[in-house]
Amino acid sequence: MTDQDPLVRFAGVRKSYGTFEAVKGIDLDIGRGEFVAIMGPSGCGKTTTLRMLAGLEAPSAGDITLDGRVMNDVPAHERDTPLVWQSLALFPFLNVRENVEFGLKMRGVSKMDSHGRAMMWLERLGLKGFENRRIDQLSGGQRQRVALARSLVTEPQMLLLDEPLSALDAHLVIRMQGVLTRLQRELGITFVYVTHSQSEAFAMADRVVIMGQGEIAQIGKPKEIFRAPKTRFVAEFVGRNNILPGDKAGQEIVVAADRMQVSADQPDAAALPAEFLSEEFAGTSIICYFEGANGEELKAQVTEEELEALDPAPGQRFWLTWAPEASHVITV
Amino acid sequence: MKPSDLVFRVYLAAIFVFVFAPIVTSMIFSFNSDRFPTVPLGSFTTHWYQTAFSRPEVWTAFGNSLIIAVCAAALSTSLGFVTAYTDFRYGFRFKTAYLALALLPPTIPLVIMGLAMLAWLRQLGLSGTLTGIVIAHTVMGAPFAMAICRLRLQQMDSALEAAAWNLGASPWRAMRVVVIPFCLPALISAYCLTAAVSFDEFLVAWFVSGLNKTVPVMILEILQGNVDPQINAIGTVVFLTSMVLVIIAQLLILRKTAR
Amino acid sequence: MAKRFSAYPYVWRLPLLLWQGLFFVGPLLLMVAMSFWLVRNYRMTPDFVFDNWERMLGRGYFWDAYRVTFIRASIAASLASLIAFPASYALAFRVSETVRRWAIFFLIVPFFTSYLVRIYAWQVLLAETGPINSVIGFGGLGPFTMLNSGFGAMVGYMTLVLPLVIILQTFSLAAIDRNLIEAAWNLGARPRDTLFRVILPAAKVGLIIGAVFAFILSFGDFVSPFYLGGSRPPTLSILIIDTTKSGQQWPRAAVVAIMMIVTLFAAAFAAVGAAYRQRK
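These notes cover the structure that comes with them. Only a predicted model underlies this, so the values are computations on that prediction, with no experimental measurement involved.

The rules behind these values
Residues numbered from 1 in each chain as written. Chains lettered and ligands numbered in written order. Predicted model: local features only at pLDDT ≥ 70, side-chain atom pairs only at ≥ 80, totals over all residues. Helix = DSSP H or I, 4+ residues; strand = E, 2+ residues; numbered from the N terminus. Buried ≥ 20, exposed ≤ 12 C-beta atoms within 10 Å, placed from the backbone. Contact = placed C-beta atoms within 7 Å. Pairing = 2+ DSSP bridges. Axes fitted to C-alpha atoms, helices over the stretch in contact; angles between N-to-C directions. Parallel < 35°, antiparallel > 145°, perpendicular 65-115°, else oblique. Left-handed = near helix turned anticlockwise from the far one by under 90°. Nonpolar A, V, L, I, M, F, W, Y, C, P; charged D, E, K, R; others polar. Right-handed = clockwise from strand over helix to strand, strands pointing away. Core = buried A, V, L, I, M, F, W, Y, C linked by C-beta atoms within 7 Å.

### A few points about the overall build of chain B
Helix and strand content of chain B: 11 helices and zero strands. Secondary structure elements in chain B, listed N-terminal to C-terminal, are α-α-α-α-α-α-α-α-α-α-α.

Okay, structure coming up:
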């Protein structure tokens, strides 16, 4: 990661609750204007990390630095780290405009100014005309945008997002992803986005941080992580990968399903024999599941035409190969 | 409708008749011209109301009851809210004991509370004063206020407070600007309910009051005399007051649960 | 939140402790202490003697009152539970949700209002020259003496306790997972079997808690036994008031009060223990 003047730096940050360690020592730099996604399975510590950044939890050890200033003792309400909540946390007793103005009101901005700025943001997010509505009169997507406007109206350097799209229907998710990406580019501010969804993280982020069991497993651009997972955990969590024993002891080989070739006859000596188990429709392609010689599960992604040509039946023997450059070595 | 359903409905109706009969008959007889309540009824009259409410001691008693109820309800509601918020937001050692302390008063028989309060307030020099009764009623009403506020807090997205902090509100400000507005229906509901409890409560007030009589105490003393239909009149007014308060209290808390 | 010390949590935590400590625990502790004080010439002096305990617990009338109160409260609790049950059953299973909500709405009203007024009304209604006897008289029966008896007291206890018991029972019955009941039908249980083998066991805790509340309220009640029960034999609550009124014998009244509290705690404990005990 670039060392020049990160906006946020986590240095050796840990968080424990009694004997339970939620975050076990993370080091992370987040740059200005970056869209960073923190991704991992539930319980990996990603939300705790975000909450520590917002000041809602205090780190048990380590420092969190924001814009050069160590924030450990700064209470939540004195930080400039607006958060878009998973439940959105819109105030039900305030209307749309009042919700959006809230942060400005807390800072003592004059009524006229906050009114104007709130209206500007509502218009920007396509909510013109909604300012006097009550929250329960809005749809899920509209509420999302109110939550966004509320967090952005104070023009912060950074926006935190805690699984904001998890409650939306699938088609809305796609649309909101577009809204978020565009917004981030236009504003040029840092987005720190926590999610358990691969597709969200990979679609929007400049860099992805994979967390597992309280630790950072890998940081990198989406493509890097997808094509070159560093550990077994990442390989199993991200994408569809086959993990095979390596040539040397202490090594394993990762071959992505879409790089795995299936043939009816043995093409070369290195090919793996496998019995066909089942197929899974994945939209534009099909995932085929096989059982290898040692009982391990193998997967290969094929097109419709390839599937038709193979015409597999359960128990039928096939051969799996991959190009040498398609495999990737990880240390166990 | 099954035949057994009919039986059940008749039974339910009978129960409601039993529960409300004393109230309804009291109201009917308060307008009845006969001195002794019998069937068939006499003629309609407001004579008993006029007589009862021409007595200065009745007005004084009502005045006392009102002052006490207003003050005790305010204190009960505050205490109840504060305790409910503590329960909602914080976990701490001995929390179970803490909550038991908050919720125990209704389980102590009123005669005992009356005796204990009398002795204690006597030590503090507060026996026989309205303040003493206010204190006693606060202790008795606070658990109900706490239950109502706790119910409402349960409905609050726990992120709401944190969202307020996140947007720059200090904890105190967040309480003022987010939590209390959200809880407002519960606060009003708790106020009404504890006011009703105080308005009706007589045993402890009797022990503690000495000469400053509240309405129920006054009723008690009249009762110890003989049958007097003025009691029906007074009782009807008392009942209607508390009933209105309890109904308001329930409507407030029910409407919000729908949201 | 961040580590800076804040008075905030304590502002919320302390009021209850202070208020209850000062005005709830304090009075009760004083009462306990008072039971060991000495009364001479109608004046109380702080002391530590067992006179009051000996006098009170040695008296026949105390134990008579104890027995009467205990028995009456037990009967009241059982009676209330039995009378309430068909109504609660109906509210939980046989009426629409709207009817149930309104029924509970209207049952809460008397629970919080005018107990004294209602007892006075019963005193009038149940009198020998009262309306009920008049109506019965039209049928050629009576007049019945209903006041100044155990019957009168029971009517009073039901007035006090029935709404609460119905509400508690209805809630616990309505909370039973309907799937359990339907599973029972599916396996061939008839209505009576379902009632005894599924519904009652599932609602056991709520039903027992309702009975416990009924017991506690009846045990401590003063109004019903006094105005409708004729106060002979006296209950413990009546005893407390008599003892208090007569010559400053507060310490002895305190003894009665403590015995009452101990009994109530023991009863509540035992009942809740029975409620939560797992069936083998």
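### A look at the overall build of chain A
Looking only at helices and strands, one finds nine helices and 18 strands in chain A. Counting only C-alpha atoms and orienting by the principal axes, one finds that chain A spans roughly 75 × 45 × 35 Å. Burial analysis of chain A (332 residues in total) assigns 40% to the buried set. In chain A, 63% of the contacts between residues at least 6 apart in sequence involve partners at least 24 apart.

### Structural notes on the sheet that holds strand β13 (residues 261–263) of chain A
All names here are of chain A. An order of β13-β17-β14-β15-β16 is seen for the five strands of this open sheet, with the pairing classed as antiparallel. Only two strands of the sheet have a single neighbouring strand rather than two, namely β13 and β16 (297–302). Adjacent strand axes in the sheet meet at a mean angle of 45°, parallel and antiparallel pairs treated alike. Examined bridge by bridge, strand β14 (residues 272–281) and strand β15 (residues 286–292) share seven bridges and lie antiparallel to one another. The residue of β15 that forms the bridge with Phe276 is Phe290.

### Some points on the packing of helix α5 (residues 110–124) of chain B against helix α13 (residues 250–276) of chain C
As a packed pair, α5 of chain B and α13 of chain C sit with axes 10 Å apart at the nearest point and diverge in direction by 140°. Considering the angle they form, α5 of chain B stands oblique to α13 of chain C. Here α5 of chain B and α13 of chain C pass one another in a crossing that is left-handed. Residues Ile112, Leu115 and Ala119 of chain B of α5 of chain B lie in contact with α13 of chain C, whose contacting residues are Trp250, Ala253, Ala254, Ala257, Met260 and Ile261 of chain C. Residues belonging to the contact of α5 of chain B with α13 of chain C are distributed by class as follows: nine nonpolar, no polar and no charged.

### Observations regarding the pairing of strand β7 (residues 158–162) of chain A
All names here are of chain A. Most of β7 is tucked away: five of the five residues are buried. Burial along β7 is two-sided: Met158, Leu160 and Asp162 facing one way and Leu159 and Leu161 facing the other are all buried. Sheet topology places strand β6 (residues 83–84) next to β7; two bridges connect them, and they run parallel. Across the sheet, Leu83 pairs through a bridge with Leu160, a residue of β7. Note that β7 and strand β8 (residues 190–195) share five bridges and pair parallel. In the strand pairing of β8, Met158 is matched with Thr190. Once the chain exits β7 it traverses helix α5 (residues 170–187) before rejoining the sheet at β8, and the crossover so formed is right-handed.

### Remarks on the interface of chain C and chain B
One frequently used descriptor of interface size is the decrease in accessible area upon assembly of the parts. Facing 58 residues of chain C, the contacting portion of chain B comprises 58 residues. Residue contributions to the side of chain C that touches chain B peak at 16 residues, all from helix α1 (residues 8–34) of chain C. A breakdown of the residues in the side of chain C that touches chain B according to their chemical character gives 44 nonpolar, 11 polar and three charged.

### Regarding the sheet that holds strand β2 (residues 20–30) of chain A
Residue and element names in this part refer to chain A. In space, the four strands of this open sheet follow the order β2-β1-β4-β5, with antiparallel pairing throughout. Looking at which strands have only one partner, the edges of the open sheet turn out to be β2 and β5 (69–70). Here strand β4 (residues 61–66) pairs with β5 via two bridges, running antiparallel. Looking across to β5, one finds that Leu66 is bridged to Arg69.

### Some points on unusual backbone geometry
All names here are of chain A. Within the chain, Asp67 stands out as a residue other than glycine whose phi angle is a positive 55°. By secondary structure assignment, the location of Asp67 is in the loop between β4 and β5. Judged by the 14 C-beta atoms lying within 10 Å of it, Asp67 falls in the partly exposed class.

### Focus: helix α6 (residues 131–138) of chain C
For α6 of chain C, the full list of buried residues reads Pro131, Ile132 and Asn133 of chain C. Among the structural elements, α1 (3–30) of chain B together with α5 (115–125) of chain C are those in contact with the buried residues of α6 of chain C. Just beyond α6 of chain C, the residue with positive phi is Gly140 of chain C, at close to 90°.

### Details of the environment of Thr113 of chain C
By the element assignment, Thr113 of chain C lies in the loop between α4 (97–112) and α5. Excluding its chain neighbours within four sequence positions, the residues that come into contact with Thr113 of chain C are Ala196, Asp200, Phe239, Ser242, Met243 and Val246 of chain B.

### Some details on the pairing of strand β9 (residues 207–212) of chain A
All names here are of chain A. Taken across its six residues, β9 has six buried, putting it largely inside the fold. Covered by surrounding structure in β9 are Arg207, Val209 and Met211 together with Val208, Ile210 and Gly212, the residues of both alternating faces. Where strand β3 (residues 35–39) meets β9, four bridges bridge the pair, whose relative direction is parallel. Counterpart to Ala37 in the pairing with β9 is Val208. When β9 meets strand β10 (residues 215–220), the two strands line up antiparallel, connected through five bridges. By the bridge assignment for β10, Val208 is matched with Gly220. In this structure, the hairpin formed by β9 and β10 is closed by a connection of two residues, where Gln213 is found at a positive phi of approximately 50°.

### Some remarks on the nonpolar core
Leu115 and Leu193 of chain B are the most contacted members of the largest nonpolar core, which has 250 residues in total. Looking at this core element by element, the count peaks at 15 residues for helix α8 (residues 171–200) of chain B. Not counting chain neighbours up to four residues away, the residues in contact with Leu115 of chain B comprise Phe207 of chain B together with Met31, Ile240, Thr244, Ala253, Ala254 and Ala257 of chain C.

### Observations regarding the packing of helix α3 (residues 56–89) of chain B against helix α6 (residues 130–154) of chain B
Residue and element names in this part refer to chain B. Where α3 meets α6, the closest approach of the two axes is 5 Å, and the angle between their N-to-C directions is 40°. Of the possible angle classes, the one that applies to α3 and α6 is oblique. For the element pair α3 and α6, the recorded crossing hand is right-handed. Grouping the amino acids of the contact of α3 with α6 by side-chain chemistry returns 19 nonpolar, eight polar and two charged.

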